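A closer look at the structure
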Amino acid sequence: MADITITPSEDGPYLVSGPVRITDVDGREIPHPDPVSLCRCGQSANKPFCDGTHLTIDFDGTLAN
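Residues numbered from 1 in each chain as written. Predicted model: local features only at pLDDT ≥ 70, side-chain atom pairs only at ≥ 80, totals over all residues. Heavy atoms only, no water.

**Considering empty space enclosed by the protein**
Operational definition: Lining residues are defined by having an atom within 4 Å of a point belonging to a cavity or pocket. Those points lie on a 1 Å grid over the protein atoms alone, cavities being sets where a 1.4 Å probe fits but cannot get out and pockets being open sets with protein on both sides within 12 Å along at least five of seven lines. Grid points are joined across faces, edges and corners, and a volume is the space filled by probe spheres set on the points.
On inspection of all chains with the given rule, the structure shows one cavity of 30 Å³ or more. Size it by volume and the largest cavity reaches roughly 50 Å³. As for the largest cavity, its lining consists of Gly12, Pro13, Cys39, Arg40, Cys41, Ser44, Cys50, Asp51, Gly52, Thr53, His54 and Phe59.

**Regarding the environment of Leu38**
Put simply, the rule is: Working definition: helices are DSSP H or I runs of at least four residues, strands are E runs of at least two. Numbering for both runs from the N terminus. The contact definition used throughout considers only heavy atoms, calling two residues in contact when any of these lie within 4.5 Å.
In this fold, Leu38 is placed in strand E3 (residues 36-38). Linking Leu38 and Val16, residues 22 residues apart in sequence, is a C-alpha distance of 7.4 Å. Residues contacting Leu38, with those up to four places away along its chain left out, are Pro13, Tyr14, Val16, Ile22, Pro48, Phe49 and Cys50.

In short, the description is geometric, and any link to function would need to be established separately.
Laid out in structure tokens, this is it:
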């Protein structure tokens, strides 16, 4: 099985690398680069991808343990 890595960046997106398949609600595959940055703040205008909005809204991506 191929390795897929998902890493939350500090106060930013999830960084995903490896052969991951991303689909829309209808099951159509969404093309993306590898690695890909997925929105974690919920405010991206290009969901599910990060567009850098987290930088302008003071997103706090602190992970609670």
